[in-house]
Amino acid sequence: MEEKVKILNANLNHLKDSEKNALYEFKDILESSPDVEKGLLIGGFSIPGLQHSETDIVCFVKLRSPIQRKDKLVSNLLMIIEVKEHKEFKISVENDIVVYYSNKPEKVLSKLSKKAKNLKSYLKEKFKKIDNNFILHYVYCGVYFPEISKTRIESNELNNEVIESYVIFSKPDLEDMIRLIINQRKDIEFKHLNSFNQNVDISDIKKVLYSVAISIKMTEADRIRVEAITKERVHKDKPKYEDYIGSKFVTFKGKAGTGKTIRLLYHAYSLHNAGARVLYLTYNHALRADIERLVTILKIEKYIHEKIEVETIDELIWKIYGVLFNKKEEVSPQNYEQIYHDKVLENVYNEIMIDTDGIYKGAFIQEYPEYNVDYILVDEGQDWNEKEQEIVKWLAGGYQHLIVAIGPDQVVKGRPKYTDWFPKLPNDKRHTVPLRQNYRQKGKLYKFNKLISEKFLDDSWTEEGLEKEIGEGVIEIIPDTKLLITDFWISLINDLREKKNDTVDCIIIEPDNIQKNKKITEILEIFGYIYWDGTVKDIRKKNFPVQGFRIVKYRYCRGLEGWFVICRLIDEQYDFLKFQLSKRKVQQWQFFDGETETEKEVFYKLRIALTRAIDRIYITYSNPEHPLIKKLKNLLNLPDSQEISI
């Protein structure tokens, strides 16, 4: 027996629990109503032709016979419904109903009106091909407040002339929906308040919308959706640790994709809004440049660029060295790396450790007043050695003014580990926020990295993925020669832009020993594409443009992310790393378990590059018979052909 009320195959994974509950509540009341002949509900429906168009619930109802209230008749109903789980104190009425998300206002009714208008246009256009007699009169708009009682809605300011064309209710109720519609239509010339003409069967509407609803279920989340999910989860977690900021040493600890950098940026923004002065430090120039791209995506660039200092640890140390040792003129970012790094670091460290009265710090702040800050936020903390940690603590004025992001999986085996800052600091003085959910990688990419970790590194990747919410993603293993084909780049750019990205959201990672005649820049110049070549030291120290492909070497890709990532010539990088590691071990007179141990270290380094993509990763090779390519294909249960896409 066919269901009287059907929930169309919609994207329920995009709905919050309150929205999902409301969808089934509406289904129950329509199913139980003797007045309903047929009903159709869609959850998380994206109305074509409108950006930010996802609607919580689209509701179609066809009644067995017209319902009359006063002199008005209703035979059918089309309504789009937004579910707002706000308490009354988070709602206000101006010229609209305004609700607040993290103190940011959202005008509910004006957004609903745009969605109703677009849905009406879309249905009219589609029905021309099915029924020329189809007439769509009204798309009604409803707002469902499950946290506010019916009495309060009917008696308070929500029931006024501002919202007279909208249905505001506190529980799914067909009678309320029809009664409120009739009450709102005051113009007596309209006797029939039907959404569409009576001869239209609801199954025709289902046919029109079916392909759209199905495509939504299968469509990968675009950049806007991914960032919205990340932001929502970051704000949801804040109460768990927010009270510790300023009183304890706070660290975010999690593997690739768990949102460490995004959290730091949001906290930089929040602290600044609260009146605090903030310094954001990262480890290298490629990471600093990437912050420029991220803050634009997060729409906080004004605050970061104008109000919050963003620098590398090297930039900070050379400035401190120049002031403390009166060598400001001879020390600059350009020649810092030419100076004996360890000696400079040692000298600065020794001086700040005896600065108990703060004289040296005062002198530095006097020279560089922009460093007189309340908080220092540190990214990629696993790279910072003990001396650098102490220097940052000295400048911040204590551990309680530090917030540090640490990625244990980004520590390459064979290098010192700094995943626990200030090991002697008592537990009651620190608060670690474990991040166990991958926000930044789609399903197949997340699973791919999990397989690599478990198969080749004996490293259990316990983080949960969000593939149900943000889609599956794509992995392509292809010959590097495919990058010589014009259609490859045209398709890639079109796919980027379709998901609200541009070429700057694509990272191209090249082998550390790439030969000049193999560089991707040669190919991009032939096709006339803009790029930022981070493989060149002087360019890497500059911020890249807002457009153009980003190019880095494998050794510099830690902490970066791209919607698409191209890991070029991974077989050649594998051979280079293997040679370097074997050579180092021989020079250091280290005895190791031959191939197995070396290969494990190689995979530790390669995994960093393979965890940079959000939506799609291209892995290119020069030799299809290379053992690494065969292992990667076997890992994914792929046939041993020259080009694979999953």
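Check the entry above for the structure.
The structure displayed is predicted, hence computed values, not measured ones.

Draft legend 1. Quick look at the nonpolar core. Core analysis: the biggest nonpolar cluster contains 38 residues, and F448 and I509 have the highest contact counts within it. Of all the secondary-structure elements, those providing two or more residues to this core are α14 (443-456), β16 (474-479), β17 (506-510), β20 (562-567), α19 (570-587), α20 (594-610), β21 (613-621) and α21 (627-635). Ranked by the residues each element gives to this core, the list is headed by α20, at 7 residues. In this structure F448 touches I475, L610, I619, L632, L635 and L636, once residues within four positions along its chain are discounted. L316, W318, Y321 and V344 belong to the second-largest nonpolar core, a separate cluster that totals 32 residues.

Draft legend 2. Inspection of the sheet that holds strand β9 (residues 166-169) at higher detail. Pairing within the open sheet is mixed, and its 6 strands lie in the order β1-β2-β3-β4-β8-β9. In this open sheet, the two strands that pair with only one neighbour each are β1 (5-7) and β9. Averaged over all pairs of adjacent strands, the angle between their axes in this sheet comes to 25°, without regard to strand direction. With 9 bridges joining them, strand β3 (residues 54-69) and strand β4 (residues 72-83) adopt antiparallel strand pairing. Counterpart to K62 in the pairing with β4 is N76. Across the sheet, helix α2 (residues 108-127) lies against β2 (36-46), β3, β4, β8 (140-144) and β9, angled at about 120° from β4, the strand it touches most.

Draft legend 3. Molecular detail of empty space enclosed by the protein. Within this structure, the stated rule accounts for 3 cavities of 30 Å³ or more. Taken as a whole, the largest cavity encloses approximately 260 Å³ of empty space. Surrounding the largest cavity, 22 residues form its lining, G257, T261, G559, E561 and R612 being those nearest its centre. The set of elements that each furnish at least two residues to the lining of the largest cavity consists of α7 (260-273), α8 (285-297) and β21. At 3 residues, α7 tops the list of elements feeding residues into the lining of the largest cavity. The residue makeup of the lining of the largest cavity, split by class, is 6 nonpolar, 10 polar and 6 charged.

Draft legend 4. Structural context of the packing of helix α10 (residues 313-324) against helix α12 (residues 359-367). The contact between α10 and α12 brings their axes to 10 Å, and the two run at 110°. Relative to α12, α10 is oriented roughly perpendicular. Of the residues in α12, those touching α10 at L316, K319, I320, V323 and L324 are Y360, A363, F364 and E367. Of the residues assigned to the contact of α10 with α12, the class counts are 7 nonpolar, no polar and 2 charged.

Draft legend 5. Region of interest: the packing of aromatic side chains. Going through the model one piece at a time under the given rule, you end up with 21 aromatic pairs. Consider the rings of F456 and F603, whose centres lie 4.3 Å apart with planes at 5°: the pair is stacked. A residue pair is termed long-range when its members are at least 10 positions apart, and F456 in helix α14 and F603 in helix α20 qualify at 147 residues. Each member of the pair, F456 as well as F603, is classed as buried. Connected via pairs of aromatic rings, a cluster forms that spans F488, W489, F527, Y529, F549, F564 and Y618. The ring of Y349 has K387 sitting right over it, with the charged end atom 5.4 Å from the ring centre.

Draft legend 6. Summary view of the environment of V234. Inspection of the secondary structure assignment puts V234 in helix α6 (residues 223-237). Put simply, V234 and G259 are 25 residues apart on the chain and 8.1 Å apart in space, counted from C-alpha to C-alpha. Those residues in contact with V234 that lie beyond four places of it in its chain are Y241, I262, R263 and Y266.

Draft legend 7. Highlighting the pairing of strand β14 (residues 402-406). Within β14, 5 of the 5 residues are buried, leaving the element largely enclosed by the surrounding structure. Neither face of β14 is exposed, since L402, V404 and I406 on one face and I403 and A405 on the opposite face are all buried. Relative to β14, strand β10 (residues 249-254) is paired through 4 bridges, and the arrangement is parallel. Residue T251 lies in a different strand from β14, and its bridge partner there is V404. In this sheet, β14 lies alongside strand β13 (residues 375-378) in parallel orientation, the contact comprising 3 bridges.

Draft legend 8. Representation of the pattern of salt bridges. Inspection of the entire model under this criterion finds 17 salt bridges. Among the salt bridges present, the one from K393 reaches E390, with a minimum N-O distance of 3.4 Å. Taken as a pair, K393 and E390 lie in helix α13 (residues 386-396) at a separation of 3 residues, close to a single helical turn. Among the salt bridges present, the one from D512 reaches R555, with a minimum N-O distance of 3.7 Å. Of this pair, D512 sits in the loop between β17 and α17 (520-527) while R555 sits in the loop between β19 (549-553) and β20, and the two are 43 residues apart along the sequence.

Cut-offs applied
- Sequence positions are assigned chain by chain, starting from 1 and proceeding in written order.
- Side-chain atom pairs in this predicted model are given and counted only at pLDDT of 80 or more, local residue features only at pLDDT of at least 70, and totals for whole chains, interfaces and linings cover all residues.
- Values shown for side chains rest on all heavy atoms present in the structure; no hydrogens or waters enter the calculation.
- Side-chain atoms within 4.5 Å are what join buried Ala, Val, Leu, Ile, Met, Phe, Trp, Tyr and Cys residues into a set we call a nonpolar core.
- Relative accessibility under 20% of the residue-type maximum defines a buried residue, over 50% an exposed one, and the middle range a partly exposed one, all with a 1.4 Å probe and only protein chains included.
- Runs of H or I in DSSP of at least four residues are treated as helices and runs of E of at least two as strands, each being numbered from the N terminus.
- In what follows, a contact means two residues having at least one pair of non-hydrogen atoms within 4.5 Å.
- Between any two strands, pairing holds if DSSP finds at least two bridges.
- Axis angles are defined between N-to-C directions and span 0 to 180 degrees, where every axis is a line fitted to C-alpha atoms and, for a helix, only to the segment in contact.
- Lining residues are those with an atom within 4 Å of a point, where the points come from a 1 Å grid over the protein atoms alone and group into cavities, where a 1.4 Å probe fits but cannot get out, or pockets, open sets with protein on both sides within 12 Å along at least five of seven lines.
- Grid points are joined across faces, edges and corners, and a volume is the space filled by probe spheres set on the points.
- Each residue receives one of three labels: charged for Asp, Glu, Lys and Arg, nonpolar for Ala, Val, Leu, Ile, Met, Phe, Trp, Tyr, Cys and Pro, and polar for the others, Gly being one of them.
- By definition in this entry, angles of less than 35 degrees are roughly parallel, angles greater than 145 are roughly antiparallel, angles of 65 to 115 are roughly perpendicular, and the rest are oblique.
- Note on ring pairs: Phe, Tyr and Trp rings are taken, using the six-membered ring of Trp, and paired if centres are within 6.5 Å. Classes follow the plane angle, with under 30 degrees stacked, over 60 edge-to-face and the rest tilted.
- The criterion for a charge sitting over a ring is simple: Lys NZ or Arg CZ within 6 Å of the ring centre, and within 35 degrees of the ring normal.
- Salt bridges are defined as contacts in which a side-chain nitrogen from Lys or Arg sits within 4 Å of a carboxyl oxygen from Asp or Glu.

Everything listed here is a matter of geometry and, on its own, says nothing about what the molecule does.
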